[in-house]
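This is what each chain is made of:
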Amino acid sequence: MARMRTLKPEFFDSPSTAEADLAVRLTFMAMWSWADDSGHGTGNLKELEAFCWPNDEVTELPRRSRGNSAGAPGGWRNFAEICGEVAEVFGVVFYKVRNRPYYWIPSFKQHQSKDFRPTSRYPLLEEGEMFDVTSGNVIGSGSVDTSSGTTSAPMRGISADAPGDPALVIGEQGNRGTGEQGMSADAATAPPEPQPVREDVEQICEAIALHVQEQTGKQPAITKKWRDSARLLIDRDGFTLEQITWIIRWVAGHDFWSAVILSAPKLREKFPNLVAQAKRDGAPKVDKAAQMILADRLRREAGTDTPKEIEQ
């Protein structure tokens, strides 16, 4: 059911609004009314189009020539293209849960603070996967097994046009192997030997623990499950320590993911989604406070007095 919403005056002179076509602006505003009080709404495009444009043909709505792929100047090919620009300009996230489409407006609370509710009547993004509303394709390669928190294949060729951002040129290393296959029968029956402490695994776990503490105010326990997830991110999925810690910093500065990624297993489970989102966002700089927190941790681990700079 559609709801009455408030609109701040700052919306009209914001850079994002100036960048958007009139059809994109009106669709975005209509999506506020279509969403529930947490900023989540159903993403059935036919239903959404009927609500946003009940008396208009979207193919006849005017469109600026910038980025026009409709073939005829000044026109939209379909409603999905309008929603695609809503996602691009205003950061609206389209996702599917059990093959049902939904959307989420990350900036919803800023505009609807009076009526905002933290809980949603709809499934959340963390329960499904993001998709490109224009093409319908799932964002990111490599499927996620939510029961085990593993990926069926490492992501490859995911990069961003941001020089100096090593974390967004990931998945190129391929599978490095874990040495877990080919054990003899004697080795299988022998009691497992304690695994040596790995500095790279510990750094990942401590970085996540620090983020969780800043997010929740509680110090989490670094368990074997945490260490296994961090180790597999490196050994099986093919990511480097630098790439993983960069993503952790990016998560710490993200409005949504900072509240979702609260453990190493969850980090590995959602890593393809995080990479795809970071690439789509154009690798935005992480929150300054998060940078300083992690820089201080690296400085103390290195035993130096000068904070180690974290590259963006």
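How each quantity is defined
- Residues numbered from 1 in each chain as written.
- Predicted model: local features only at pLDDT ≥ 70, side-chain atom pairs only at ≥ 80, totals over all residues.
- Heavy atoms only, no water.
- Buried < 20%, exposed > 50% of the residue type's maximum accessible area, 1.4 Å probe, protein only.
- Helix = DSSP H or I, 4+ residues; strand = E, 2+ residues; numbered from the N terminus.
- Pairing = 2+ DSSP bridges.
- Core = buried A, V, L, I, M, F, W, Y, C linked by side-chain atoms within 4.5 Å.
- pLDDT = per-residue confidence, 0-100.
- Contact = heavy atoms within 4.5 Å.

Undergrad: How would you explain the pairing of strand β2 (residues 93-97) if you had to name every residue and give the values?
TA: Where burial is concerned, most of β2 is hidden: four out of the five residues are buried. The pairing of β2 with strand β3 (residues 100-104) spans five bridges and is classified as antiparallel. Residue pairing in the sheet places Lys-96 in a bridge with Pro-101 of β3. Counted along the chain from β2 to the antiparallel partner β3, the turn is two residues long, and its residue Arg-98 has a positive phi close to 50°. Alignment of β2 against strand β4 (residues 129-130), held across two bridges, turns out to be antiparallel. Paired with Tyr-95 across the bridge in β4 is Met-130.

Undergrad: An account of the nonpolar core is needed here, citing residue identities and associated values.
TA: Counting 38 residues, the largest nonpolar core has Ile-208, Ile-244, Ile-247, Trp-257, Leu-267, Phe-271 and Leu-274 as the members making the most contacts within it. Among the secondary structure elements, those contributing two or more residues to this core are β2, β3, α7 (199-216), α8 (224-235), α9 (241-252) and α10 (264-280).

Undergrad: Go over the confidence of the model for the protein, please, and point to the residues and values.
TA: Confidence in the prediction for the protein averages 74 pLDDT; 66% of positions are at 70 or higher. When the criterion is pLDDT under 50, residues 67-72 qualifies, and its contacts beyond four places in sequence or with other chains add up to 12 contacts.

Undergrad: Could you give an account of the environment of Ile-208, with specific residues and numbers?
TA: By the element assignment, Ile-208 lies in helix α7. A relative accessible area of 1% means that Ile-208 is categorised as buried. As for Ile-208 and Trp-226, which are separated by 18 residues in sequence, their C-alpha atoms are 9.5 Å apart.

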